[in-house]
Amino acid sequence: MKQKTLILLATALFCGSIQAQEVPVPNAADFLPGPPSYTSVQWIKDYLQYEWGKTERNTELGEQAKVDFHAQTANYLDAFSKVVGIQLSAGNTPNIYTLFDYCMTYGEQAQAKAQAYYYSIRPYVRFNQTTLMPAYESQYRDISSYPSSQAMMGWLFAMMLTEVCPNKQNEVLARGYTYGSSSVISGYHWDSDSYAGCLLASALVSRLHSHTGFNAMVSSAITEYEKKSGVTNPKRSSVSNAYFTIDELPDAYKYLPEPPAISSSFFTTDLSSHIDGTITRSTEDGALAKQDVDDSADYYCKIFSEVLGRNCSQTTTPQLYKLFYTIYPSAGDATKTCKAYYKRLRPFVQLNEQTATGGTPQTDPLRDNGSYPSGHACAGWLYALVMSEIAPDYQEALLARAFKYGNGRVITGYHWQSDVDMGRLVGAAAYARLHTNQDYMDQLAKAQKEYQSGANIRSVEADETSAAIYNLEGVRLNGKPTRPGVYIQGKRKVVY
């Protein structure tokens, strides 16, 4: 504890504006789905994964799980050292060590906050069985397993190293993902705990990036890595209309697991979620899912405008719109290699059904497009993380909307649940990679400044919708504005 306190103090001095108390951790209860109930098909998957994990304890994966169990900064550094090819340690790479330890501190806070709200009985307690690491069973017996701390920290560090050493992005992401499997093999966590840990990690990275001091820490870690490795990563893409080409982005095929085979027991989870989705089509969520088939940059501005309570568009927030518009190609490209490799059939094709929007296996333009992972879920989560960095006070609401946006693909019949789940992780990986592009960082700064300068502008739907409307010159309008822009209504600025 004393060592951590000293590190935090040193970090505060090093970073200037950032201090521990200045970064409130994300509230997982506001955007994570929570542990599945014992009557759900998702829990059956958790159980099957638990049984699978027990069969792996005497294998190489089991030995790896023993190493991965100890969630300490030095252990993570050692594990990723083997991936990036240089020794990551307090002595050899002090800036990277400081970055890791700082993330560890906030990771523990985010974990504790989530566990205080959710309680999930650990697998070994549920079945009164032993674990891979029996010496620690009494220590964790009464602590919630949701979300997994190992999975969270593994994915968090993988995202950070994607920024620090993008030339090793696929390798570090693959290693980061294995921490979730290790926590299942050890018997201390369910599969759903691990997935939730990854999502919480991505939210935490976005929250930390909203502070300039943290970005300075990352920059120092990048400089240190390049000096130690001899690798100088490019700061800009070779194309002008996007931040990355497909080849420059993390390759989801190289770090994600393969999709469930139709013959596997895990496919029953996908099938059950699909059936539930078709039932949901007649509800409000179903109607929203039909609207959410739109995946344009304009539509992302629209749905997040509703969360923020202000109009974000090409006219009202041109810098933010330019940021979203330039991100858009990468949001789709991040899933393409994996889609092309697996060529997984979409639910409406596999089951020869209509989608919620009337598409058929014979006519829908997506009929030959791979289902795994979901491009919509990827883009929705990616944009929510970007927007959370700009408007951190709205992070939980933004991520909750993105989570619902992704699940809409299951409701409409365009994707299996596992497509959507993994799509969000692809979005998180792409989000990390964006921070290595100087053009993105420059445009992000412009969007942040634009948003902050207009922070007092609210949408007219928020309140006082019946008040008279005036233009900025004080001239009263006859009814609602016919042109988009900023107006005065009810003693405040509003956007139409």
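The structure reproduced in this document is the subject of the present report. None of the values given here were measured: they were computed from a predicted structure.

### Here's the deal with the overall build of the protein chain
A count of helices and strands for the protein chain gives 22 helices and four strands. Counting only residues that meet the buried cut, the protein chain has 55% of its 496 residues in that class. Here the contacts in the protein chain between residues at least 6 apart in sequence split such that 79% fall between residues at least 24 apart. Working note: accessible area of the protein chain is about 20900 Å², and carbon and sulfur atoms make up 52% of it.

### Regarding the environment of Gln395
Position of Gln395 relative to the elements: it lies in helix α20 (residues 395-412). Classification of Gln395 as buried rests on a relative accessible area of 0%. Gln395 sits 192 residues away from Ala203 along the chain, and the two C-alpha atoms are 7.9 Å apart. Residues contacting Gln395, with those up to four places away along its chain left out, are Pro26, Ala203, Ser206, Arg207 and Ser388.

### Things to note about the packing of helix α3 (residues 60-68) against helix α9 (residues 169-185)
Contact pair α3 / α9: the axes reach a minimum separation of 9 Å and the direction vectors enclose 100 degrees. Taken together, the axes of α3 and α9 lie roughly perpendicular to each other. When α3 is examined against α9, the residues Leu61, Gly62, Gln64, Ala65 and Asp68 are found in contact with a partner set consisting of Arg175, Thr178, Tyr179, Ser182 and Ile185. Taken together, the residues of the contact of α3 with α9 sort by class into four nonpolar, four polar and two charged.

### What to know about helix α19 (residues 375-390)
The end-to-end C-alpha distance of α19 is 23 Å, a good match for the 22 Å that 16 residues give at a rise of 1.5 Å each. Burial of α19 is extensive: 16 of the 16 residues sit out of reach of the surface. Two or three places before His376, at the opening of α19, Ser374 has a side-chain oxygen 3.4 Å from that residue's backbone nitrogen.

### Examining the packing of α20 against helix α21 (residues 417-434)
Axis separation between α20 and α21 bottoms out at 8 Å; the angle between their running directions is 150 degrees. Relative to α21, the element α20 lies roughly antiparallel. As for the relative orientation of α20 and α21, their crossing is right-handed in sense. For the pair formed by α20 and α21, the contact residues are Phe403, Gly406, Asn407, Arg409 and Val410 on the first element and Gln417, Val420 and Arg424 on the second. Looking at the contact of α20 with α21, its residues break down into three nonpolar, three polar and two charged.

### Thoughts on unusual backbone geometry
The omega torsion across Tyr146 and Pro147 is -5 degrees, close enough to zero to call that bond cis. Here Pro147 is to be found in the loop between α7 (137-140) and α8 (149-164). The linkage connecting Tyr372 with the following residue, Pro373, adopts the cis geometry, with an omega of -5 degrees. With respect to the helices and strands, Pro373 occurs in the loop between α18 (347-350) and α19. Phi at Lys343 takes a positive value of approximately 50 degrees, unusual for a residue other than glycine. Inspection of the secondary structure assignment puts Lys343 in the loop between α17 (336-342) and α18.

### Let's talk about the packing of aromatic side chains
Applying the stated criterion across every chain yields a total of 34 aromatic pairs. With centroids separated by 4.9 Å and ring planes inclined at 90 degrees, the aromatic side chains of Tyr117 and Tyr118 adopt a geometry described as edge-to-face. The exposed category is assigned to Tyr117, whose relative accessible area is 58%. Accessibility expressed as a relative area gives 11% for Tyr118, which makes it buried. Among the aromatic residues, ring-to-ring pairing joins Tyr38, Trp43, Tyr47, Tyr50, Phe127 and Trp190 into one connected group. The ring of Tyr38 has Arg126 sitting right over it, with the charged end atom 3.8 Å from the ring centre.

### Some remarks on the nonpolar core
Within soluble globular proteins, side chains that are nonpolar tend to cluster in buried spots. Within the largest apolar cluster, 108 residues are counted, with the highest numbers of intra-cluster contacts made by Leu323, Phe324 and Val386. Apart from the residues lying within four places of it in its own chain, the contact partners of Leu323 are Tyr243, Val386, Ile390, Tyr440, Gln443, Leu444 and Ala447. In this structure, Ala65, Tyr124, Leu132 and Tyr188 belong to the second largest nonpolar core, which totals seven residues.

### Thoughts on the side chain of Asp193
Among the secondary structure elements, Asp193 is positioned in helix α10 (residues 191-209). Here Asp193 occupies a buried position and makes no salt bridge, while the nearest side chain of opposite charge, Arg122, is found at 6.4 Å.

### Side note on helix α22 (residues 438-453)
In this model α22 runs 23 Å from its N-terminal to its C-terminal C-alpha over 16 residues, within 8% of the 22 Å that 1.5 Å per residue would give. Elements in contact with the buried residues of α22: α15 (297-308), α16 (318-333), α19 and α21. Taking the backbone nitrogen of Asp439 as reference, a side-chain oxygen 2.8 Å away marks Asn437 as the first, capping residue of α22.

### Comments concerning the pattern of salt bridges
Inspection of the entire model under this criterion finds 17 salt bridges. Salt-bridge contacts for Asp191 lead to Lys45; the nearest nitrogen and oxygen are separated by 3.7 Å. Taken together, the positions of Asp191 in helix α10 and Lys45 in helix α2 (residues 41-55) put the pair 146 residues apart, joining distant regions of the chain. Given a relative accessible area of 19%, Lys45 falls into the buried group.

### Some words on the environment of Leu320
Within the element layout of this structure, Leu320 appears in helix α16. Classification of Leu320 as buried rests on a relative accessible area of 3%. Beyond its immediate chain neighbours, meaning those up to four positions away, Leu320 contacts Cys312, Met387, Ile390, Ala447 and Glu450.

Here is what the cut-offs are and how they apply
Residues numbered from 1 in each chain as written. Predicted model: local features only at pLDDT ≥ 70, side-chain atom pairs only at ≥ 80, totals over all residues. Heavy atoms only, no water. Helix = DSSP H or I, 4+ residues; strand = E, 2+ residues; numbered from the N terminus. Buried < 20%, exposed > 50% of the residue type's maximum accessible area, 1.4 Å probe, protein only. Contact = heavy atoms within 4.5 Å. Areas by Shrake-Rupley, 256 points an atom, 1.4 Å probe, with all protein chains shown as cover. Axes fitted to C-alpha atoms, helices over the stretch in contact; angles between N-to-C directions. Parallel < 35°, antiparallel > 145°, perpendicular 65-115°, else oblique. Nonpolar A, V, L, I, M, F, W, Y, C, P; charged D, E, K, R; others polar. Expected span 1.5 Å × (residues − 1). Polar contact = N/O pair within 3.5 Å; in protein donor to acceptor, adjacent residues only side chain to side chain. Left-handed = near helix turned anticlockwise from the far one by under 90°. Phe/Tyr/Trp six-rings, centres within 6.5 Å; stacked < 30°, edge-to-face > 60°. Lys NZ or Arg CZ within 6 Å of the ring centre and 35° of its normal. Core = buried A, V, L, I, M, F, W, Y, C linked by side-chain atoms within 4.5 Å. Lys, Arg positive; Asp, Glu negative; His and termini not counted. Salt bridge = Lys/Arg side-chain N within 4 Å of Asp/Glu carboxyl O.

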